[in-house]
Amino acid sequence: MRDIDAPVITLRDVSKFFGDFQALKSVNLNVAQGERVVICGPSGSGKSTLIRCINRLEAHESGQITVNGMALTDDPASHEQIRGAVGMVFQQFNLFPHLTVLQNLTLGPRRVLGLTQAEADERALTYLERVRIPDQADKFPRQLSGGQQQRVAIARSLCMESKILLFDEPTSALDPEMISEVLDVMTELAASGMTMIVVTHEMGFARKVADTIVFMDQGEIIEVGTPDQVFTAPKSQRFATFLKKILQH
Amino acid sequence: MKRFIIFASLLLLAGCSANWGWYVVDPTTPKGLINLKFMLSGMYYTILLSVTAISISVVVGLLVALPGLSEKKGWRRFNRAYVEIVRAVPILVLILWVYYGLPAMSGITLNVFWAGVLALALSDSAFQAEIFRAGIQSIARGQYEAAKSVSLNYRDTMRFVILPQAIRRILPALGNQLVYMLKMSSLVSVIGMQELTRKANELSVSEYRPLEIYTVLVLEYLVLILVVSAFVRRLERKMQAAEA
């Protein structure tokens, strides 16, 4: 963890309810500029909810979330501001199926950032090259493999040139042989200094790339540490049990 | 198509019996040709009326559907009230009310054409609103979330992400409504719109051969609607092909 840098994302006592069910219980988290955070935990532990609160896909009920010094409030203007600074990659890719790959990538830059078609196209092609699919620009999402679709989704986020990227189980919907092509792209991104929060079960990726591992269970952050710390000597019993279960195979 | 041909030939066979008098619409005789042309001249207004009305009702339907999807209760209530009230009025009654009632009530006098368009569009808009609502609701939540993740505002999300997908899905239903509209336009004949049905009515009054004339009328609608259906199906295929 890079404690010296001012945090770009701060969560203070963030709680979130779905009806009577408390998905997040007073969560506190700081993420520094350029930090790579991997969040893991059993399903239903609130890890997806946590990152979905950061770009306001879910509204938190109490506590404060600050991104780049901007507080996330009920004011829609703050949502738009923060979404401009934070990109997101989804488990189900969520590409726009009626648009070509290129159109998927240029929609945001043209409509939100005000780029011309030519500028947006140029930017899109740059990022498509970066995710290693420059030759698929004119295809529709359904013509691509899952791994390719997820890389397009990553490129779509990159086109907005946000400094922070959230990944919500980016490889969970992929066939096993496609997981590595997506993780490779993410590893490269991590090396480029992007601030990343990744919800994943890929512990190999976590070990290699993460600065910080966050373990969540039942809506709480149970443990935070560097990969070296947590993989060799997890402090809590729950984390130890979890690690044992997912590292077994 | 096969069924249509069988149906048409049966009618022609039946026409050979002594009870029929096809001469009224026999295009080989000068009189019959004039009568046939007179009947077909109603096609223009049937199509113009239906297309104008459906163009308006699609726009109104969409504008009524959007509040129905709002998170705010008041907006949803407006949507419900509009749909329930408009859907409850029979089209014929609405046509009569717009043509005879509206001028007396508001001083706005519409000619036959616009009264017909207004009544048809109003009546259809409630159904269009329901079709749009269902179509928009069928789009996965992930699409909204993806649009939010690239900071698109509500307008752009609807315009570039949700509606293009929803419209593809509801195209068959919109085609149905167009067919329905073409048929319902016949009701506007009661206020004197010179469309297919009105022409047939007028001709049968002067020629005293309602059986033959109304049979031709049936065939006119049948051909018109089969052509429209084929066109809509082609459009659907084209839109699907564009995506594949």
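Model, not experiment: these values are computed from the prediction.

In this assembly, 25 residues from chain A lie in contact with 22 residues from chain B. In this assembly, chain A packs against chain B so that about 2,100 Å² is buried in total across both faces, 57% of it on carbon and sulfur atoms. In this structure, the connection of chain A to chain B is made through three salt bridges. Close ionic contact of A:Glu58 with B:Arg141 constitutes a salt bridge, the shortest N to O distance being 3.8 Å. Between chain A and chain B we count eight residue pairs in polar contact (both at pLDDT 80 or more) in total. Residue assignment for the side of chain A that touches chain B shows that the elements contributing at least two residues are helix H2 (76–85), strand E6 (86–89) and helix H3 (101–111) of chain A. Of the residues in the side of chain A that touches chain B, the class split is 12 nonpolar, six polar and seven charged.

The next point concerns helix H6 (residues 176–191) of chain A. Residue and element names in this part refer to chain A. Across its 16 residues, H6 extends 24 Å between first and last C-alpha, which sits within 8% of the 22 Å expected from 1.5 Å per residue. Regarding H6, the residues found buried are Met178, Ile179, Val182, Leu183, Val185, Met186, Leu189 and Ala190. Axial view of H6: buried residues confined to an arc of 160 degrees, hence all on one face. In this structure, H6 carries Glu177 and Ala191 as exposed residues pointing more than 90 degrees from its buried face. The positive-phi residue at the C-terminal boundary of H6 is Gly193, with phi of around 95 degrees.

Here we come to the pairing of strand E4 (residues 62–67) of chain A. Residue and element names in this part refer to chain A. As defined by bridge partners, strand E1 (residues 7–18) adjoins E4 across five bridges and the pair is classed as antiparallel. Each bridged residue has a counterpart across the sheet, and for Arg12 the counterpart in E4 is Gln64. Sheet topology note: the E4/strand E5 (residues 70–71) ladder contains two bridges and is antiparallel. Across the sheet, Val67 pairs through a bridge with Met70, a residue of E5. Linkage of E4 to E5, two consecutive antiparallel strands, is achieved through a turn of two residues, within which Asn68 is found at a positive phi near 50 degrees.

Conventions used here
Residues numbered from 1 in each chain as written. Chains lettered and ligands numbered in written order. Predicted model: local features only at pLDDT ≥ 70, side-chain atom pairs only at ≥ 80, totals over all residues. Heavy atoms only, no water. Contact = heavy atoms within 4.5 Å. Buried area = accessible area lost by both parts, 1.4 Å probe. Salt bridge = Lys/Arg side-chain N within 4 Å of Asp/Glu carboxyl O. Polar contact = N/O pair within 3.5 Å; in protein donor to acceptor, adjacent residues only side chain to side chain. Helix = DSSP H or I, 4+ residues; strand = E, 2+ residues; numbered from the N terminus. Nonpolar A, V, L, I, M, F, W, Y, C, P; charged D, E, K, R; others polar. Expected span 1.5 Å × (residues − 1). Buried < 20%, exposed > 50% of the residue type's maximum accessible area, 1.4 Å probe, protein only. Arc of directions from axis to C-beta. Pairing = 2+ DSSP bridges.

So, to be careful, I would describe these as geometric facts and stop short of saying anything about function.
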